[in-house]
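Descriptive analysis of the structure
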Amino acid sequence: MFISQANILFKLKPLVFKIALLFLLGITTNRNHLPTNPPSLYTMPFFGNLSFHNINHASKDFGNRYHLIPTAILYPNSTSNIAHIIKHVFNLGLTSHLTVAARGHGHSLEGQSLAPDGVVIHMESYKSPGMAFHTGDHYPYVDVSAGELWINILHESLKRGLSPKSWTDYLHLTVGGTLSNAGISGQAFRHGPQINNVYRLRVVTGRGDVVTCSDEQNADLFNAALGGLGQFGIITEARIALEPAPAKVKWIRALYSDFTAFTNDQERLISSSRDALDYLEGFVVINRTRLLNSWRSSFNPKDPVQAEQFTSEGRVLFCLELAKYFNLEDVGEIEREVDSLLSELSFIRSTLFVSEVSYVDFLDRVHVSEMKLRENNLWDMPHLWLNLLVPRSSIYGFAKQVFHNIVEDTSNGPVLIYPVDKSRWKNGTSLVTPEEDVFYLVAFLSSAVPSSAGKDGLDAILTRNRRIVKFISESNLRVKQYLPHYNTTQEWREHFGAKWEIFLRRKMLYDPLAILAPGQRIIPRANAKIPSSKNNLKELNK
Ligand code: FAD
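The residue numbers shown here count from 1 along each chain, following its written sequence. Local features in a predicted model are, by the rule used here, given only for residues with pLDDT of at least 70; side-chain atom pairs are given and counted only at 80 or more, and totals for whole chains, interfaces and linings are based on all residues. Side-chain calculation: all heavy atoms of the structure are included, whereas hydrogens and water are not.

Observations regarding empty space enclosed by the protein
In this approach the atoms are scanned with a rolling probe the size of a water molecule, which exposes any empty space left behind. Any residue with an atom within 4 Å of a point lines the site, the site being either a cavity, points on a 1 Å grid over the protein atoms alone where a 1.4 Å probe fits but cannot get out, or a pocket, an open set with protein on both sides within 12 Å along at least 5 of 7 lines. Grid points are joined across faces, edges and corners, and a volume is the space filled by probe spheres set on the points. According to the stated counting rule, one finds 4 cavities of 30 Å³ or more in the structure shown. Lining the largest cavity are N181, G227, L229, S430, L431, V432, Q481, Y482, P484, H495 and F496. At the level of elements, β19 (480–482) and α17 (489–496) are the ones that each hand at least two residues to the lining of the largest cavity. Split by residue class, the lining of the largest cavity holds 6 nonpolar, 5 polar and no charged. Numbered from the N terminus, helices here are DSSP runs of H or I no shorter than four residues, and strands are runs of E no shorter than two. Put simply, Ala, Val, Leu, Ile, Met, Phe, Trp, Tyr, Cys and Pro go in the nonpolar bin, Asp, Glu, Lys and Arg in the charged bin, and everything else, Gly too, in the polar bin.

This is the structure in structure tokens:
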């Protein structure tokens, strides 16, 4: 009923649509007149556990820069639990400022998984009905709850000789959390991001409706939720595509000093040799000493004598990182294939390093670094990450300025750089990418030492990130942020570009009071204090 009303409203645009948007954009400048802990939350019956105590752990995320305390945490044990609380908040309508955020593993960077004064839904508590594998035909899949960690799905799938196809670099993240962004990693050139490898979702919309959706059924909500930054509904269950799992991985690194040679090789590898490789990434190394030595704990140099003589000091270098999966019976053939592939590339010969690891160890590689950092109390530092999607046509201009003039060294954290080709990616999802088919993911994954006033301190890294953002916007490089973070609706409108109207239409349809995922700061919660219509009309008419 509500959905069809919104549809009609949308068809009557532009005037009615704009008036409705004004309502949607309604924000109180003074929230203090509203009760912080609405009594209705205390008294309503729940089947899950709604807790008003010990809520501090849901007030921070991996970014570790925001501390925003919720009113309550729901530990759900079913989808209907989640639907119940959202419907309750929705029915409070404009009398309330309550918001609701799903919290996966809380590994957002800018407070996106937080709900200040709202309700956080602790998705990891929702484990039933457990993982259900379907292995019978050519398209194996597993049904999981969205609060499941990818690492657990990997372990359970491997027991059946199967594995999901597309990953993130780190697996201690939830299905719902990565599907709400995209899930891009070194397999994306081949299989697309994780949002390409999902057959079906169960979603609770911002109205409290429970909807099963796929490409065939409620496709608009399916597409909206994929890459949807939690704005259209809470994903409670997902059907993930699987494939036969390999046993081993040949993992290769090699350095380039010439950016053109590096990117030419990367692009060639993702276009012509799709089946020749299973994973391709890369990273930038600026001003690092004894770099190759640091690789020796996990990799072996192909030519140890030459590798010993190589120096990285003071240089800007680019590391190509490749992986080829295999089973033990194919090892001879794989050696030949890999050697032939490498012979066509133009890396610095003395810097070729190779390793052979199990499939699990390869996929869970970042966890090894996590354990080391945790031992030294370095994991929970502020993380000032900036993730960009740079169109192919802009990557040289970008690299010249950013890697040679703005970033002075890469000692605060890795700087990833690798291309993907979205021509085979699913269309219509909420993910925002550059318009060109081939674009580069460039990720500045810096950690800051809070007490430092030096170049590893918060201010220095924030200033560097701001310089990068300023440069890309002034040079009109048509770069988009990944894991985007903005503070104003106008910035979000620019981010979405041509997709802004679609975003607003879907928001009106599925979360008209803007209850969900307030930490993304896209559209403020609508409540009774309607803002000055003049300002908003000005904004909408821009
Ligand atoms: P949270 O941080 O808890 O949530 C993130 C957002 O999604 C919030 O807005 C939240 O409300 C919403 N959300 C969470 N669950 C749901 C749900 N079930 N339904 C609807 N909305 C929901 N990303 C990549 O693409 N590729 C990588 O290689 C990669 N590597 C990473 C490595 C590390 C060490 C870290 C910390 C992050 C990495 N990320 C990567 C980013 C990561 O994908 C996102 O930060 C992701 O959101 C984290 O998942 P989470 O389960 O912690 O979600």
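Notes on the site of the ligand
Throughout, the term near means that a residue has one or more heavy atoms lying within 4 Å of the molecule or strand in question. Lining the immediate surroundings of the ligand are 32 residues, of which A102, G104, T174, I184 and Y482 lie closest. N or O atoms within 3.5 Å of each other form a polar contact, as long as, within protein, one can give a hydrogen and the other can take it, and as long as residues adjacent in sequence are counted only when both atoms are side-chain atoms. Between the ligand and G106, the relevant distance is 3.0 Å, taken from an oxygen atom to a main-chain nitrogen or oxygen of the residue. Backbone polar atom of I235 to a nitrogen atom of the ligand: 2.9 Å apart, as the coordinates give it. In isolation the ligand exposes 960 Å². Once the protein is present, 96% of that is buried. Those elements that place two or more of their residues in the shell around the ligand are β3 (100–103), α6 (175–179) and β10 (233–244). A per-class count over the shell around the ligand returns 12 nonpolar, 18 polar and 2 charged. In this description, accessible areas are obtained by the Shrake-Rupley approach with a 1.4 Å probe, and a residue is regarded as covered only by the protein chains that are shown.

Here we look at unusual backbone geometry
One non-glycine residue, N218, lies in the positive phi region at around 50°. With respect to the helices and strands, N218 occurs in the loop between β9 (210–214) and α8 (219–225). In this structure, A517 takes a positive phi of about 45° despite not being glycine. Mapped onto the fold, A517 is located in the loop between α18 (500–510) and α19 (533–541). Here A517 falls in the buried class, since its relative accessible area comes to 10%. For the exposure calls, accessible area comes from a 1.4 Å probe over protein chains only, and a residue counts as buried if that area is under 20% of its type's maximum, exposed if over 50%, partly exposed in between.

Considering the nonpolar core
Definition of nonpolar core: a set of buried residues of the types Ala, Val, Leu, Ile, Met, Phe, Trp, Tyr and Cys, connected through side-chain atoms within 4.5 Å. Formed by 149 residues in total, the largest nonpolar core has its most connected members in L201, F398, F403, V442 and F444. Every residue pair with non-hydrogen atoms within 4.5 Å of one another is taken to be in contact. In this view, F403 contacts F259, V284, I286, V316, F318, F398, V415, I417, V442 and F444; residues no more than four positions away in its chain are not counted. With 6 residues, the next largest nonpolar core counts A58, I73, A115 and V120 among its residues.

Looking at the sheet that holds β3
Strand pairing within a sheet occurs via backbone hydrogen bonds; the two strands may be parallel or antiparallel. One requirement defines pairing of two strands: DSSP has to find at least two bridges between them. As summarised here, the arrangement of the 4 strands in space is β1-β2-β4-β3, forming an open sheet in which the pairing is mixed. Looking along the sheet, the strands with just one partner apiece sit at the ends: β1 (49–51) and β3. In this sheet, adjacent strand axes meet at a mean angle of 25° when their direction is disregarded. Two strands pair when backbone bridges link them, and β3 and strand β4 (residues 119–122) are joined in this way by 4 bridges, in the parallel orientation. Residue pairing for β4: A102 is matched across the bridge by I121. Every axis in this analysis is a line fitted to C-alpha atoms, fitted for helices over the stretch in contact. Angles between the N-to-C directions lie between 0 and 180 degrees.

Notes on the sheet that holds strand β14 (residues 316–326)
Spatially, the 9 strands line up as an open sheet ordered β13-β15-β11-β14-β12-β17-β18-β16-β19, and their pairing is antiparallel. Looking at strand neighbours, the two that pair on one side only are β13 (300–301) and β19, the edges of this open sheet. Across the sheet, helix α15 (residues 395–406) lies against β12 (279–286), β14, β16 (383–391), β17 (415–421) and β18 (438–447), angled at about 15° from β18, the strand it touches most.

Some points on the packing of aromatic side chains
Classification of ring pairs uses Phe, Tyr and Trp, with its six-membered ring standing for Trp, and accepts pairs whose centres are within 6.5 Å; under 30 degrees between planes counts as stacked, over 60 as edge-to-face, and the remaining range as tilted. Applying the stated criterion to the full structure yields 29 aromatic pairs. Here the aromatic rings of Y256 and F347 are separated by 6.4 Å at their centres, their planes lie at 75°, and the arrangement is edge-to-face. Highlighted residues: Y256 in strand β11 (residues 248–256) and F347 in the loop between α12 (331–343) and β15 (353–358), separated in sequence by 91 residues. Across the pair, exposure class does not vary: Y256 and F347 are buried alike. Ring geometry for Y279 against F362: centres 5.0 Å apart, planes inclined by 85°, an arrangement best described as edge-to-face. Of this pair, Y279 sits in strand β12 while F362 sits in helix α13 (residues 359–363), and the two are 83 residues apart along the sequence.

As for the pattern of salt bridges
What counts as a salt bridge is simple: a side-chain nitrogen of Lys or Arg found within 4 Å of a carboxyl oxygen of Asp or Glu. Applying the stated rule across the entire model yields 25 salt bridges. For E156, the salt bridge is made with K159, and the minimal N-O distance between the two is 2.7 Å. Overall, the relative accessible area of 62% leaves K159 in the exposed class. R365 serves as the salt-bridge partner of D169, at 3.3 Å between the closest nitrogen and oxygen. Of this pair, D169 sits in the loop between β7 (162–164) and α6 while R365 sits in helix α14 (residues 365–375); the two residues are 196 residues apart in sequence, bridging distant segments of the chain. Overlapping salt bridges bring together E156, K159 and R160 as one network.

What to know about the environment of H57
In this structure, H57 sits in the loop between β1 and β2 (72–75). H57 gets classed as partly exposed once you look at its relative accessible area, which sits at 40%. Spatially, the C-alpha atom of H57 lies 9.9 Å from that of I73, the residues being 16 residues apart in sequence. In this view, H57 contacts I73, Y75, R103 and H122; residues no more than four positions away in its chain are not counted. Reaching out from H57, the side chain makes a polar contact with the backbone oxygen of N54 at a distance of 3.4 Å. At 3.1 Å, the side chain of H57 forms a polar contact with the side chain of Y75.

Quick look at the packing of helix α9 (residues 259–271) against α15
In contact at an axis separation of 11 Å, α9 and α15 are set at 135° when each is read in the N-to-C sense. The angle between the axes of α9 and α15 places the two elements in the oblique class. Both α9 and α15 take part in a crossing whose hand is right-handed. Here F259, T260, T263 and N264 of α9 lie close against α15, whose contacting residues are I395, Y396, A399 and F403. Residue composition of the contact of α9 with α15, grouped by class: 5 nonpolar, 3 polar and no charged. Each angle receives one of four descriptions, namely roughly parallel if under 35 degrees, roughly antiparallel if over 145, roughly perpendicular if within 65 to 115, and oblique otherwise. We call a crossing left-handed when the near helix sits turned anticlockwise from the far one by less than a right angle, and right-handed when that turn is clockwise.

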